[in-house]
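# Coordinates in review
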Amino acid sequence: MKKYSVGLTTGVFDLFHVGHLNILKNAKAQCDILIVGVSTDEFVQAYKHKTPVIPFADRKAIVEALQYVDLVVPQTSHESKLKMIDNHNIGVMFHGSDWKGSPTFNKLEAEFKRRNVDIVYFDYTAGVSSTKLVETIQQEPRLVV
């Protein structure tokens, strides 16, 4: 039996890469059921001030197709994590360490604690991010075929 019954992780999952895969694989290794909140386009625009390259419906479909994921739900705000926790009897939140200590997660951690929900931070996969992928694509000379 795994340490947790139901776990949650959330993210944008734009330009899906090995860092995304690592967090989902590591999270599923610790829980029987893994629920993933995929950020909606509107939510990403509101807090990151940019539009994902891949539209929400496509990002959701990609994440749903992965063997480590049991359920995908839309994430419409940082506070929607709390609704997911309350609605799905979640015992643990998994997240990348890049958010640890941020004002947003400090506030959320207090709410997790109040709900008896653990938080597990995984090391950020160094050198990989959707932002870096976009920058690399924009810098590469166009190939003409």
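Now for a description of the structure that goes with this document. Starting from 1, residues in each chain are numbered consecutively following that chain's sequence as written. Where totals are concerned, whole chains, interfaces and linings use all residues; where local detail is concerned, this predicted model gives features only for residues with pLDDT of at least 70, and gives and counts side-chain atom pairs only at 80 or more. With hydrogens and water set aside, each side-chain value is computed from the structure's full complement of heavy atoms.

The way it works is that DSSP assigns letters per residue, a run of H or I at least four long becomes a helix, a run of E at least two long becomes a strand, and they are numbered from the N terminus. Within the protein one finds six helices and five strands. Each helix and strand of the protein, ordered N terminal to C terminal, gives the series β-α-β-α-α-β-α-β-α-β-α. Using a 1.4 Å probe on the protein chains alone, a residue whose accessible area is under 20% of its type maximum counts as buried, one over 50% counts as exposed, and one in between counts as partly exposed. For the protein, with 145 residues in total, the buried portion stands at 41%. Two residues qualify as a contact provided that any one of their heavy atoms is within 4.5 Å of a heavy atom in the partner residue. Partitioning the contacts of the protein with sequence separation of at least 6, the portion at a separation of at least 24 is 77%.

The geometry of an aromatic ring pair comes down to the distance between the two centres and the angle between the two planes. Only Phe, Tyr and Trp rings take part, Trp by its six-membered ring, and two of them pair if their centres are within 6.5 Å. Stacked means planes under 30 degrees apart, edge-to-face means over 60, and tilted covers everything else. Considering all chains together, one arrives at five aromatic pairs under this definition. Members of the aromatic cluster, connected to one another through ring pairs, are Tyr4, Phe94 and Phe122.

With that settled, consider the nonpolar core. Ranked by size, the top nonpolar core spans 18 residues in total, and within it Leu24, Leu34, Val36, Val38, Val63 and Phe94 carry the most contacts. Ranked by residue count, the leading element in this core is strand 2 (residues 31-39), at four residues. If near-sequence neighbours (up to four positions away) are discounted, Leu24 is found in contact with Thr9, Phe13, Phe16, Leu34, Val36, Leu66, Tyr68 and Val69. The set of buried Ala, Val, Leu, Ile, Met, Phe, Trp, Tyr and Cys residues whose side-chain atoms join them within 4.5 Å is what this entry labels a nonpolar core.

To continue, consider the sheet that holds strand 1 (residues 4-11). As summarised here, the arrangement of the five strands in space is 3-2-1-4-5, forming an open sheet in which the pairing is parallel. Looking along the sheet, the strands with just one partner apiece sit at the ends: strand 3 (71-75) and strand 5 (118-122). In this sheet, neighbouring strand axes are inclined to one another by 25° on average, regardless of whether the strands run parallel or antiparallel. Only strands that DSSP links by at least two bridges are regarded as paired with each other. The pairing of strand 1 with strand 4 (residues 92-96) spans three bridges and is classified as parallel. Bridge assignment links Gly7 to a residue of strand 4, and that residue is Val92. Against the sheet, helix 1 (residues 18-28) contacts strand 1, strand 2, strand 4 and strand 5, and its axis sits at roughly 150° relative to strand 2. The strands touched by helix 3 (residues 56-64) are strand 2 and strand 3; relative to strand 2, the strand with the most contacts, the crossing angle is about 165°. Between the N-to-C directions of two axes lies an angle of 0 to 180 degrees, each axis being a line fitted to C-alpha atoms and, for a helix, fitted only over the stretch in contact.

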